[in-house]
Amino acid sequence: MPTLPLTPDQLLSTTRSVRKRLDLTRPVERTLLEECLTLAQQAPTAVNRQDWHFVVVSDARRRAGLAELYRRGAEAYVARRAAEPVTADPARLAQLARLWTSASHLLEHIGEVPVLVVPCIEGRTDGLPGPGQASRWASIIPAAWSFMLAARARGLGSCWTTFHLAHEREAAELLGIPYDQVMQAALIPVAHTVGTDFRPAPREPLETMVHWDAW
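Residues numbered from 1 in each chain as written. Predicted model: local features only at pLDDT ≥ 70, side-chain atom pairs only at ≥ 80, totals over all residues. Heavy atoms only, no water.

Peer 1: When you look at the environment of Val113 in this model, what are you seeing that I'm missing?
Peer 2: Along the chain, Val113 falls in the loop between helix H4 (90–109) and strand S2 (115–122). Classification of Val113 as buried rests on a relative accessible area of 1%. Residues Val113 and Gln41, 72 residues apart in the sequence, show an inter-C-alpha distance of 24 Å. Once you skip the residues sitting within four places of it in the chain, Val113 turns out to touch Leu22, Leu24, Arg63, Leu106, Pro189, Val190 and Ala191. (Helix = DSSP H or I, 4+ residues; strand = E, 2+ residues; numbered from the N terminus. Buried < 20%, exposed > 50% of the residue type's maximum accessible area, 1.4 Å probe, protein only. Contact = heavy atoms within 4.5 Å.)

Structure, rendered in structure tokens:
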């Protein structure tokens, strides 16, 4: 499939978390996913171990199982957040309302998304100190992001989610992942998008997050 006419800057600034505009009725071609995964393989890994794995789930029963784990994780998260203080900033409240509407839509329909991708990395980080954690995560997250960028270039939408990780062991059993040796990093819904016009998101001024030479 031809890629969208996006410059590198446009690709980087318009690869959004797509939830409401995922096309739930259109299958995603395996060849398209393979193109994205081949590009993901070009991402760096610690010591060039290339110990990443991607479980691509299109089977309806397994998608339904992952969706149930996702919902259980989301419900627990919402319950925790309900007890936290609410911001008084009207702009922030409006932004959170839009985000929740989008997230609720995905929560309701995630089992209908044609493909769910679970990026994994060999080796667990449970109990490891910071450097060990950083090395492991840095060996899978760049590859997963490269996959999402490649998907965007091909008219596919995706979204990085982690709610199902609250039940990672159950997901491992569902998908045959050796839990003690392999760690799941995310659950990425993938589908063709309804329209391909995505815009850069509003962000805080650069000076609020950049520190030159020292904090």
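Peer 1: How should I be thinking about the packing of aromatic side chains in this particular structure?
Peer 2: Each aromatic ring pair is specified by the distance between its two centres and by the angle formed by the two planes. With the rule as written, the count across this model stands at three aromatic pairs. When the ring of Tyr70 is compared with that of Phe163, the centres are 5.3 Å apart and the planes differ by 65°; the resulting orientation is edge-to-face. Highlighted residues: Tyr70 in helix H3 (residues 60–82) and Phe163 in the loop between strand S3 (156–158) and helix H7 (168–175), separated in sequence by 93 residues. A relative accessible area of 24% places Phe163 in the partly exposed class. When the ring centre of Phe198 is taken as origin, the NZ or CZ atom of Arg21, which lies over that ring, is 4.0 Å away. When the ring centre of Tyr179 is taken as reference, the NZ or CZ atom of Arg124 above it lies at 4.0 Å. (Phe/Tyr/Trp six-rings, centres within 6.5 Å; stacked < 30°, edge-to-face > 60°. Lys NZ or Arg CZ within 6 Å of the ring centre and 35° of its normal.)

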